[in-house]
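Chain by chain, the residues:
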Amino acid sequence: MTTLTRTTRARVADIAHRLWTSERVWLVSFGILAFLLLFDPAQAAQSARFTVMNLADVAPFLALSIGIAAYAGATGADGLIARAFTGAPAMMILVAAFAGGLSPFCSCGVIPLIAALLSMGVPLSAVMAFWLASPVMDPSMFVLTTGVLGVEFAIAKTIAAIGLGIFGGTVVHVLAKSGGLSDPLRDNIGNGGCGGARVRTAQPVVWAFWQENERVSKFIREGIRTTLFLAKWLTLAFVLESLMLAWLPADLVARTLGGTGLAPIGIATLVGVPAYLNGYAALPLVGGLIGQGMAPGAGLAFLVAGGVTSLPAAIAVWALVKRPVFLLYLAIALGGSFASGLAFQLWNAL
């Protein structure tokens, strides 16, 4: 009986260990909701509703980007895309930063493309430039920012997005060239951005991939894998964001960000990390604060820092890269956001 009990316990422990190892993100998300259901049912319902609604909102962008990434892999076009990121590092970083700042994808929708680029062996410096610039600005965001805060602010935010991408890509390139950031990616994400066989060796591209069963299988397999990967991380991100919005009300953020001078820019940069709403909801808040006397530079710093380090974007970075690269990502985002706000403040003072 004792032996049987020990065997049963060992099996249960083994199953629990494997489940935690492979599905810990889902377990954390459901654990949070279960805890809320026990101690705050109203918040549990609100968090669940918030998560489902936000997943539904980003679903079209995710479907498009997942489809593009899976199509590129199934046809072999990913090799062409990867080779487009070869050449002079400065040019790669510049192109990636402009592409990120002008791309129509949201911070969530761009994740499958980022994962695909990393798996292709595209240098991390170019990917980081694209990654930093993309969450800050896109065409629809430019139009909305112009309507809420004015065309000058929209242009400044666009320049900040591209500048942040160039700055971040350059920092990563210098560190990588000096021997740092070796093996920066998590397992099964890519080869570290060193080029890869797909970049070095030309492979035939079959655009009509559905005519070959093997390529169809690859398309389906890559689509499902990426969808499941994104679903678990974005679910956790939106659950946490719902709690942040519930426990960090907008009026508290407004009081914290008020005032003029240099200090509010630094405060806005730091507050933008945990207190960010989302790219669209934050614009009216910043507009109201500027109308009450907040420095425009502080508003820009808040929007840039919050956009790059918002929970969906930051958790996606955490899921793809190792901790040192993630911390570097945060440092670049904060430093670049503060510099952007300071530069815009000086521009307005002229």
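Preceding this paragraph is the structure being described.
Just so you know, these numbers come straight off a predicted model, no measurement behind them. (Residues numbered from 1 in each chain as written. Predicted model: local features only at pLDDT ≥ 70, side-chain atom pairs only at ≥ 80, totals over all residues. Heavy atoms only, no water.)

1. Looking at the nonpolar core
So, point 1. Ranked by size, the top nonpolar core spans 71 residues in total, and within it Leu-118, Trp-131, Leu-303, Leu-320 and Val-321 carry the most contacts.
So, point 2. The biggest single contributor to this core is helix H6 (residues 124-133), with 8 residues. (Core = buried A, V, L, I, M, F, W, Y, C linked by side-chain atoms within 4.5 Å. Buried < 20%, exposed > 50% of the residue type's maximum accessible area, 1.4 Å probe, protein only. Helix = DSSP H or I, 4+ residues; strand = E, 2+ residues; numbered from the N terminus.)

2. Quick word on the environment of Met-137
So, point 1. Relative to the elements of secondary structure, Met-137 occurs in the loop between H6 and helix H7 (139-149).
So, point 2. Sequence separation between Met-137 and Gly-101 is 36 residues, and the spatial gap between their C-alpha atoms is 5.4 Å.

3. Details of the packing of aromatic side chains
Each aromatic ring pair is described using two quantities: the centre-to-centre distance and the angle formed by the ring planes.
So, point 1. Considering all chains together, one arrives at 8 aromatic pairs under this definition.
So, point 2. Judged by centre distance (5.8 Å) and plane angle (15°), the rings of Trp-26 and Phe-30 are stacked. Note that Trp-26 and Phe-30 are positioned in helix H1 (residues 2-39) at a spacing of 4 residues, about one turn of the helix.
So, point 3. The interplanar angle of 55° and the centroid separation of 6.2 Å between the aromatic rings of Trp-131 and Tyr-329 together place this pair among those described as tilted. With a gap of 198 residues between them, Trp-131 in helix H6 and Tyr-329 in helix H16 (residues 323-349) connect regions that are remote in the sequence. (Phe/Tyr/Trp six-rings, centres within 6.5 Å; stacked < 30°, edge-to-face > 60°.)

4. Structural notes on H16
So, point 1. In a regular helix each residue adds 1.5 Å, so 27 residues correspond to 39 Å; H16 covers 39 Å between its end C-alpha atoms and thus fits that length.
So, point 2. Every buried residue of H16 is accounted for by Val-325, Phe-326, Leu-328, Tyr-329, Ile-332, Ala-333, Gly-336, Ser-337, Ser-340, Gly-341 and Phe-344. (Expected span 1.5 Å × (residues − 1).)

5. Some words on H7
So, point 1. Among all positions of H7, only Met-141, Thr-145 and Leu-149 are buried. Angular distribution of buried residues about the axis of H7 spans 35°; they occupy a single face of the element. Those residues of H7 that are exposed and aimed more than 90 degrees away from the buried face are Val-143 and Gly-147.
So, point 2. Gly-150, located one to two residues past H7, shows a positive phi value of around 105°. (Arc of directions from axis to C-beta.)

6. Concerning the side chain of Thr-75
So, point 1. Turning to its location among the elements, Thr-75 is positioned in helix H2 (residues 41-75).
So, point 2. A distance of 2.8 Å separates a polar atom in the side chain of Thr-75 from the backbone oxygen of Tyr-71.
So, point 3. Ignoring anything within four residues of it in the chain, the contact list for Thr-75 reads Pro-204, Val-205, Val-206, Trp-207, Phe-209 and Arg-215. (Polar contact = N/O pair within 3.5 Å; in protein donor to acceptor, adjacent residues only side chain to side chain. Contact = heavy atoms within 4.5 Å.)

7. Remarks on the packing of H6 against helix H8 (residues 151-177)
Between two packed helices, both the angle of their axes relative to each other and the distance between the axes serve to describe the pair.
So, point 1. The interhelical angle for the contact between H6 and H8, taken along N-to-C directions, is 155°, at an axis separation of 7 Å. As summarised for this structure, H6 and H8 are arranged roughly antiparallel, according to the angle between their axes. Handedness of the H6/H8 crossing: right-handed. Here Leu-124, Ser-125, Met-128, Ala-129, Leu-132 and Ala-133 of H6 lie close against H8, whose contacting residues are Ala-161, Leu-164, Gly-165, Gly-168, Gly-169, Val-172 and His-173.
So, point 2. Looking at the contact of H6 with H8 residue by residue, the class counts come to 8 nonpolar, 5 polar and no charged. (Axes fitted to C-alpha atoms, helices over the stretch in contact; angles between N-to-C directions. Parallel < 35°, antiparallel > 145°, perpendicular 65-115°, else oblique. Left-handed = near helix turned anticlockwise from the far one by under 90°. Nonpolar A, V, L, I, M, F, W, Y, C, P; charged D, E, K, R; others polar.)

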